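Here is what each chain is made of, one letter per residue.
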Amino acid sequence: MANSADHDLGQRLGQLIQQSGDSAFEAGVVSRRLQAQLQDLLGADTALLHPLRDLLQRPAFRQLFSLSSQGHALNARDALLRDLAELYSPAVVGRLDAVLQGCLNLPATAASWPTASAFAAPAPMAAPPPTLVTIPSSQQGPSAIVIALLALLCGALVMALAGVLITNRSGSGTAPAPAAPTEAPQAATTAGQWQACVDYAANDGPPPQAGETWWPVVGSAEALQDARLHCRSDAFTNASGNTQVASFRDRATAAAFAQQLTSDQSHPHNFWVGDATVR
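Computed from a prediction, not measured in an experiment: that's the story for all the values here. (Residues numbered from 1 in each chain as written. Predicted model: local features only at pLDDT ≥ 70, side-chain atom pairs only at ≥ 80, totals over all residues. Heavy atoms only, no water.)

A. Just the packing of aromatic side chains, in detail. Summed over the entire model, instances satisfying the criterion amount to 4 aromatic pairs. With centroids separated by 6.0 Å and ring planes inclined at 80 degrees, the aromatic side chains of Y200 and F248 adopt a geometry described as edge-to-face. Here Y200 is found in the loop between α9 (195-199) and β3 (213-219), whereas its partner F248 is found in strand β5 (residues 243-248), with 48 residues between them in sequence. In terms of burial, Y200 and F248 fall into one category: buried. Taken together through their ring pairs, the aromatic side chains of Y200, F248 and F257 make up a single cluster. (Phe/Tyr/Trp six-rings, centres within 6.5 Å; stacked < 30°, edge-to-face > 60°. Helix = DSSP H or I, 4+ residues; strand = E, 2+ residues; numbered from the N terminus. Buried < 20%, exposed > 50% of the residue type's maximum accessible area, 1.4 Å probe, protein only.)

Here it is as structure tokens:
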């Protein structure tokens with residue numbers, strides 16, 4: 001998809017947000033209804049589907065529409081792009097930049113985000129030639145041998161120092177390792193489990209008793225495979241067709257778990273508290 005097509009996509013998305021009014025955002029992020037329309041907006045080009053879902057779930061995206069000054073909106077956009085650059089390639093961030101320009105009704109100018117060539121490492125610095133020392137014939141003898149050895153040692157030290165400088169110079173051109181986004185919560189553990197599922201594992205408690213009321217935490221049907229892989233292997237599809245991840249004895253705990261699970265930036269899914277059931 002060309003830059004102009006990404007800009008048009010952003011304009012259509014911005015129009016949907018404007019038409020939705022206050023209902024465009026839920027809990028600080030774009031509503032599930034608008035997120036479900038992403039597939040229709042993208043059409044056959046789905047390369048931006050996951051990055052766009054990530055973008056729409058960031059509270060910083062909503063802030064772009066609440067700033068009255070265009071200058072403040074541009075500063076907030078640039079900060080949001082810097083956060084996205086820690087997770088995605090320059091090419092993807094450039095396309096997201098065009099989408100944001102369309103959302104904010106800015107002109108479809110050339111991509112302002114650096115391309116991959118901007119991050120290329122500089123050419124290595126050539127090593128200096130070895131130093132040659134000529135010993136006059138009048139100085140030949142034991143002292144001349146000592147001088148020659150010292151000269152060889154000095155030359156070796158110079159070349160070693162040049163090698164270290166070249167290595168450091170080359171290393172400085174590589175992109176830094178991605179850091180955790182400033183607004184993102186804790187991501188999945190090294191074992192691949194979502195952090196919320198680790199934190200709430202101790203809340204399983206004793207088995208359900210007859211007559212108890214339990215509150216389920218559910219997500220969309222598409223979340224089933226990821227939920228089984230990264231949260232609980234016993235996640236299942238309930239009678240409503242939703243993915244049920246866990247259940248809790250009180251609604252407050254279930255709501256806190258659903259909120260932390262939804263805000264985890266390592267997946268694109270939303271989770272909420274379903275209807276209570278009596279065991």
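There is more to say, and it comes next.
B. How the structure looks around the packing of helix α6 (residues 70-85) against helix α7 (residues 90-103). α7 packs onto α6 with a crossing angle of 155 degrees between their chain directions and a minimal axis gap of 10 Å. Here α6 is positioned roughly antiparallel relative to α7, judged by the angle of their axes. The handedness of the crossing between α6 and α7 comes out as right-handed. When α6 is examined against α7, the residues R77, L80, L81, L84 and A85 are found in contact with a partner set consisting of V93, L96, D97, L100 and Q101. (Axes fitted to C-alpha atoms, helices over the stretch in contact; angles between N-to-C directions. Parallel < 35°, antiparallel > 145°, perpendicular 65-115°, else oblique. Left-handed = near helix turned anticlockwise from the far one by under 90°. Contact = heavy atoms within 4.5 Å.)

C. View of the pattern of salt bridges. Per the stated rule, a full pass over the model turns up 6 salt bridges. Note that R249 is salt-bridged to E212, the shortest N-O span being 3.3 Å. Of the two residues, R249 is situated in the loop between β5 and α11 (251-262) and E212 in the loop between α9 and β3; the sequence distance between them amounts to 37 residues. Among the ionic contacts, a cluster of salt bridges with common partners joins R77, D78 and D97. (Salt bridge = Lys/Arg side-chain N within 4 Å of Asp/Glu carboxyl O.)

D. Layout of the side chain of S20. Counting through the fold element by element, S20 comes out in helix α1 (residues 3-20). The class for S20 is buried, based on a relative accessible area of 15%. Side-chain polar atoms of S20 contact the backbone oxygen of L16, separated by 2.8 Å. Excluding anything up to four places from it in sequence, S20 contacts R33 and L34. (Polar contact = N/O pair within 3.5 Å; in protein donor to acceptor, adjacent residues only side chain to side chain.)

E. Summary view of the pairing of β5. The buried fraction of β5 amounts to 6 of the 6 residues, a majority that puts the element mostly inside the structure. Here β3 pairs with β5 via 5 bridges, running antiparallel. For P216, the partnering residue across the bridge sits in β5 and is S247. Two strands pair when backbone bridges link them, and strand β4 (residues 236-237) and β5 are joined in this way by 2 bridges, in the antiparallel orientation. Within β5, the residue paired with F236 across the bridge is Q244. (Pairing = 2+ DSSP bridges.)

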